Amino acid sequence: DTAVSQTPKYLVTQMGNDKSIKCEQNLGHDTMYWYKQDSKKFLKIMFSYNNKELIINETVPNRFSPKSPDKAHLNLHINSLELGDSAVYFCASSQSILGELFFGEGSRLTVL
Amino acid sequence: KQEVTQIPAALSVPEGENLVLNCSFTDSAIYNLQWFRQDPGKGLTSLLLIQSSQREQTSGRLNASLDKSSGRSTLYIAASQPGDSATYLCAVKGGAGNMLTFGGGTRLMVKP
């Protein structure tokens, strides 16, 4: 059983397109996150949701819009993709805001 | 703003050696510290979580210590094996929004 699952695992698209990455967790956790790992492998928080409410938005362009339809899902929609958006995007979840984080396998986005 | 540094950035050791990975953070007001392992092209696997009130945690051949006042943590790996080869990431939780801030990682190679 995959605790935190993301789809798609790989995504190749053209500049200017709109794309979405989906994330689901079956751990019953209240808090979910999106992280971006750049080409230098550095991980940075993008968003954090607790009980479907946004609690962290870390200087992410408005082109990125997270959506949490319920506690088990946190999807990431990206408009007007740019070359610099190419990265691996990781979804994670934790029981609470202060809890241990569990990560998905990542979604590698390549913008051409 | 919290900054997390990991030294060394890369480490290569022969199989069987005991080794220590270092992590330092600038703001000692943390809730917890988490060590992760990341294999190439994969997600992050949680290894150990140390709460701010704890001094250390152990799991198998891994032992993590925390000295909150000095802003340091170490991950000790006993009797290293080739299967331990991966990138090890340290992350601290605290600050506004209780964000998890990552270090840059230590890339470990254990040679047979």
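Structure first, text after, so check above.
Described in the following lines is the structure provided in the data block. (Residues numbered from 1 in each chain as written. Chains lettered and ligands numbered in written order. Predicted model: local features only at pLDDT ≥ 70, side-chain atom pairs only at ≥ 80, totals over all residues. Heavy atoms only, no water.)

What follows covers the nonpolar core. Residue and element names in this part refer to chain B. Phe25, Leu33, Trp35, Leu75, Ile77, Tyr88 and Leu108 are the most contacted members of the largest nonpolar core, which has 23 residues in total. For this core, the secondary-structure elements that each account for two or more residues are strand 3 (19-25), strand 4 (30-38), strand 5 (44-51), strand 7 (62-67), strand 8 (72-77), strand 9 (86-94) and strand 11 (106-111). Those residues in contact with Tyr88 that sit more than four places away from it in its chain are Gln6, Leu21, Phe36, Arg37, Leu47, Leu75, Ile77, Gly105, Thr106 and Leu108. (Core = buried A, V, L, I, M, F, W, Y, C linked by side-chain atoms within 4.5 Å. Buried < 20%, exposed > 50% of the residue type's maximum accessible area, 1.4 Å probe, protein only. Helix = DSSP H or I, 4+ residues; strand = E, 2+ residues; numbered from the N terminus. Contact = heavy atoms within 4.5 Å.)

What follows concerns the sheet that holds strand 3 (residues 19-25) of chain A. Residue and element names in this part refer to chain A. Ordered in space as 1-3-8-7, the four strands form an open sheet in which the pairing is antiparallel. At either margin of the open sheet sits one strand with a lone partner, and together these are strand 1 (4-7) and strand 7 (64-70). Taking each pair of neighbouring strands and ignoring which way they run, the sheet shows an average axis angle of 20°. Summarising the sheet, strand 7 and strand 8 (residues 73-78) pair through five bridges and their orientation is antiparallel. Its bridge partner being in strand 8, Lys67 is matched across the sheet by Asn75. (Pairing = 2+ DSSP bridges. Axes fitted to C-alpha atoms, helices over the stretch in contact; angles between N-to-C directions.)

All right, on to the state of the cysteines then. A complete count under the given rule lists two disulfides over all chains for this structure. Across the disulfide, Cys23 of chain A is cross-linked to Cys91 of chain A (sulfur-sulfur distance 1.8 Å). Taking the torsion about the S-S bond as the criterion, the Cys23 of chain A to Cys91 of chain A disulfide, at about -75°, is left-handed. Placement of the pair is Cys23 of chain A in strand 3 and Cys91 of chain A in strand 9 (residues 87-94), with a sequence separation of 68 residues. For the residue pair Cys23 of chain A and Cys91 of chain A, the accessibility class agrees, reading buried in each case. The disulfide that involves Cys23 of chain B links it to Cys90 of chain B, with 1.9 Å between the sulfurs. Taking the torsion about the S-S bond as the criterion, the Cys23 of chain B to Cys90 of chain B disulfide, at about -55°, is left-handed. In this pair, Cys23 of chain B is assigned in strand 3 and Cys90 of chain B in strand 9, connecting sequence segments 67 residues apart. An identical accessibility class is assigned to Cys23 of chain B and Cys90 of chain B; each is buried. (Disulfide = S-S within 2.5 Å.)

Turning our attention to the interface of chain A and chain B. Taken together, the contact between chain A and chain B spans 18 residues of the former and 20 residues of the latter. Interface of chain A and chain B: buried area, both sides summed, is about 1700 Å²; carbon and sulfur atoms make up 57% of it. Of all residues in chain A, Leu43, Leu98 and Glu100 of chain A give up the largest surface area on contact with chain B, accounting jointly for 29% of the area buried on that side. The tally of links between chain A and chain B comes to zero salt bridges. In this structure, the connection of chain A to chain B is made through seven residue pairs in polar contact (both at pLDDT 80 or more). The element best represented in the side of chain A that touches chain B is strand 4 (residues 31-37) of chain A, accounting for three residues. Considering only residue class, the side of chain A that touches chain B consists of eleven nonpolar, three polar and four charged. (Buried area = accessible area lost by both parts, 1.4 Å probe. Salt bridge = Lys/Arg side-chain N within 4 Å of Asp/Glu carboxyl O. Polar contact = N/O pair within 3.5 Å; in protein donor to acceptor, adjacent residues only side chain to side chain. Nonpolar A, V, L, I, M, F, W, Y, C, P; charged D, E, K, R; others polar.)

This next bit is on the side chain of Thr31 of chain A. All names here are of chain A. Following the sequence through the fold, Thr31 ends up in strand 4. By relative accessible area, which is 0% here, Thr31 ends up buried. Polar contacts involving the side chain of Thr31 include one to the main-chain amide nitrogen of Ile97, which spans 3.4 Å. Among all residues touching Thr31, those that are not within four sequence positions of it are Ser48, Tyr49, Asn50, Ala92, Ser93, Ser94, Gln95, Ser96 and Ile97.

For the rest of this paragraph, the subject is the side chain of Asp84 of chain B. Residues and elements named next belong to chain B. The topology assignment puts Asp84 in the loop between strand 8 and strand 9. In this structure Asp84 comes out as buried when scored by relative accessible area, which is 7%. Within polar-contact distance, the side chain of Asp84 engages the side chain of Arg61 at 2.8 Å. Other than its neighbours up to four places away in sequence, Asp84 contacts Arg37, Arg61, Ile77, Leu108 and Val110.

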